[in-house]
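# Report on the structure
Residue-level listing of the chains:
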Amino acid sequence: MKRSEFPDPFENAREATGLGQMDDQNDPVTMLLRHKDVRKTAHNWKTFQSGAAPGRIVIPSEVHIRDTRQIPFEVDPPMHKEYRSLVEPWFKRPLQETYKDKLSKQINDLIDSVVDQDNLDAIGDFALVLQSRALTLLLNIPYEESETWISWGTHVFRSEDTALDGDKASILYDYIDGEIDKAIANPREDLYSVLLNSEVNGKKLTKEEVKGVMILTFAGGRDTVINAITNTLAYFAEHPKSLDKLREEPEIIGNATEEFIRYFSPLTQMGRVVTEDTHVCEYAAKADTRVSLCWASANRDEKVFENANEVVLDRKVNPHVGFGFSHHNCLGATHARQIMRIFIAALTEKVGAIEVLDFKENIEELGEFKRKVGFDMLKVKMYSK
Ligand code: EMZ
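Residues numbered from 1 in each chain as written. Predicted model: local features only at pLDDT ≥ 70, side-chain atom pairs only at ≥ 80, totals over all residues.

This paragraph deals with the overall build of the protein. Regarding its fold elements, the protein presents 14 helices and 12 strands. By the compact-globule yardstick of 21 Å for 385 residues, the protein fits well, its C-alpha radius of gyration being 20 Å. Projected onto the principal axes, the alpha-carbon positions of the protein cover approximately 60 × 60 × 40 Å. (Helix = DSSP H or I, 4+ residues; strand = E, 2+ residues; numbered from the N terminus. Rg over C-alpha atoms; globule rule 2.2 N^0.38 Å.)

What follows is about unusual backbone geometry. Note that the residue after isoleucine 71, namely proline 72, is joined by a cis bond; omega there is 0°. Within the secondary structure, proline 72 is located in the loop between strand S3 (48-49) and helix H3 (79-91). Proline 77 connects to proline 78 through a cis peptide bond whose omega is 0°. Residue placement: proline 78 occurs in the loop between S3 and H3. The phi torsion at serine 265 lies on the positive side, around 35°, for a residue other than glycine.

Attention now goes to the sheet that holds strand S11 (residues 351-366). The strand order across the open sheet built from 3 strands is S4-S12-S11, with neighbouring strands paired in antiparallel fashion. A strand with exactly one partner marks an edge of an open sheet, and here the two such strands are strand S4 (120-121) and S11. Two elements, S4 and strand S12 (residues 369-384), share 2 bridges in a ladder whose sense is antiparallel. Bridging across to S12, aspartate 121 finds its partner in lysine 379. (Pairing = 2+ DSSP bridges.)

Quick look at the environment of glutamate 199 now. By secondary structure assignment, the location of glutamate 199 is in strand S5 (residues 199-200). For glutamate 199 and glutamate 82, which are 117 residues apart along the polypeptide, the C-alpha to C-alpha distance reads 9.5 Å.

This part is about the sheet that holds strand S2 (residues 29-32). Overall, mixed pairing links the 5 strands, which are arranged S1-S2-S10-S7-S3 in an open sheet. Looking at the sheet topology across the chains shown, the edges are occupied by strand S1 (19-22) and S3. By the bridge criterion, 4 bridges tie S1 to S2 in an arrangement that is antiparallel. Considered in S2, the bridge of methionine 22 is made with valine 29.

Counting 48 residues, the largest nonpolar core has Ala122, Ala127, Ile229, Leu233, Ile339, Phe343 and Val380 as the members making the most contacts within it. Mapped onto this core, the elements with two or more residues apiece are helix H4 (97-114), helix H5 (123-139), helix H10 (223-238), helix H11 (240-248), helix H12 (253-264), helix H14 (333-350), S11 and S12. Among the elements that make up this core, the one with the highest residue count is H5 (10 residues). When residues no more than four places from it in sequence are discounted, the contact partners of phenylalanine 343 are Ile107 and Ile229. Counting 27 residues, the second largest nonpolar core, distinct from the first, contains Phe10, Val58, Trp295 and Phe325. (Core = buried A, V, L, I, M, F, W, Y, C linked by C-beta atoms within 7 Å. Buried ≥ 20, exposed ≤ 12 C-beta atoms within 10 Å, placed from the backbone. Contact = placed C-beta atoms within 7 Å.)

Let us look at the packing of H5 against H10. Remark: H5 packs on H10, axes separated minimally by 9 Å, with the N-to-C direction vectors making an angle of 125°. Classified by the interaxial angle, the pair formed by H5 and H10 is oblique. Of the two elements, H5 crosses H10, and the hand of that crossing is right-handed. Contacts between H5 and H10 pair Ile123, Ala127, Leu128, Leu130 and Gln131 from the former with Val225, Ile226, Ile229 and Thr230 from the latter. By residue class, the composition of the contact of H5 with H10 is 7 nonpolar, 2 polar and no charged. (Axes fitted to C-alpha atoms, helices over the stretch in contact; angles between N-to-C directions. Parallel < 35°, antiparallel > 145°, perpendicular 65-115°, else oblique. Left-handed = near helix turned anticlockwise from the far one by under 90°. Nonpolar A, V, L, I, M, F, W, Y, C, P; charged D, E, K, R; others polar.)

Among the residues making up helix H2 (residues 35-43), those that are buried are His35, Asp37, Val38, Thr41 and Ala42. Its buried side turned inward, H2 meets S2, S3, strand S7 (270-274), strand S8 (278-280), strand S10 (290-293) and helix H13 (295-298).

In this section: the pairing of S7. Bridging between S3 and S7 involves 2 bridges; their strand directions are antiparallel. Note on S7: the bridge partner recorded for phenylalanine 48 is valine 274.

A pair of packed helices is characterised by two quantities: the angle between their axes and the separation of those axes. As a packed pair, H12 and H14 sit with axes 9 Å apart at the nearest point and diverge in direction by 120°. Looking at the two axes, H12 sits oblique to H14. Crossing handedness for the pair H12 and H14: right-handed. Between H12, through Ile253, Gly254, Ala256, Thr257 and Phe260, and H14, the contact on the second element is made entirely by Arg337, Met340, Arg341, Ile344 and Ala345.

Before going further, it helps to examine H5. Counted at 1.5 Å a residue, the expected span for H5 with its 17 residues is 24 Å, and the 22 Å between its end C-alpha atoms agrees. Residue valine 129 marks the point of greatest curvature in H5, where the axis turns by about 30°. Of all 17 residues that make up H5, 13 are buried, and the element is covered over most of its length. Within two residues after H5, asparagine 140 carries a phi angle of roughly 60°, on the positive side. (Expected span 1.5 Å × (residues − 1). Bend = angle between axes of the 7 residues up to and from the residue.)

Okay, structure coming up:
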């Protein structure tokens, strides 16, 4: 397999039944694989809820390592809308020119500092650094704070050998508790203080609610952004003409960003808990069981995407669900898109070619399926233009 190839393990099952099965800590998941079913189910929050026990809609389930409800991610309408409209303007700030300029400077400086370096650790010394520094802008927090987040390593809830790591998770939870207390003592201009001063339905947000938004902000955009960046590097390494094409046609960088998100689908799936006995496809879903919306499979559905297994940089119609779908679509998508666009633009300006020197693929085990989602290790050299 080529390093930059991300095969679709769901094709046969998607065509045959539209369903897949996997166990997850004795709380099995029925995976919905078709674009149409995924979108339909995402809309139907009454029967397929997000507001179950905290952690239960995440796969692997986080019920054993988390009690705090992530907001607005684990809340259903009508409360979902209240929270979402509260945080939405803040998470749209990446559209502002000043924000874009700062992000662009960060990313360009980082590339300058690693270009021509031999054997660059593209995860630990590049993607993680880029993601953590960018997060200081999203939170409006001093840049230096990124050093702390980088020191946590790539996975907030995972370590090298365990899928879920309670000790590691508590580093994040304790840190956020501490920051909330500091922001209460000395109000600041950052997301913590904005949330602490906000009201929902006429009531100030509690510390627990603020924590719920902050955990989501830290955890939701970490592995996903890191995978998007490293996978893109691997892709350009093997497709130098694609990098040249984007150099010549910078106007399609937006399309290319969407296409990479579709093709890599950095978040494979998200669960829902069934609230009443129902049917999806031919499948009888029982109350209190889990289904998942498999974005990665939906994004390769040949009924929707022509040449679904190819990266078509200037794909025009691209109704991918890489950022989810419906009211729960990714809150961080504006930020993530800016990161990807600016990152790709900076590569075209500064980097002539990329070489992969060593790699280890990150393969998710999903019951009957195995899916490559990114890399556990990726060593590269970026050659200056
Ligand atoms: C949750 C999730 C959100 C979860 C959109 O995804 O991302 C995962 O990486 C976290 O582990 O807690 O935030």
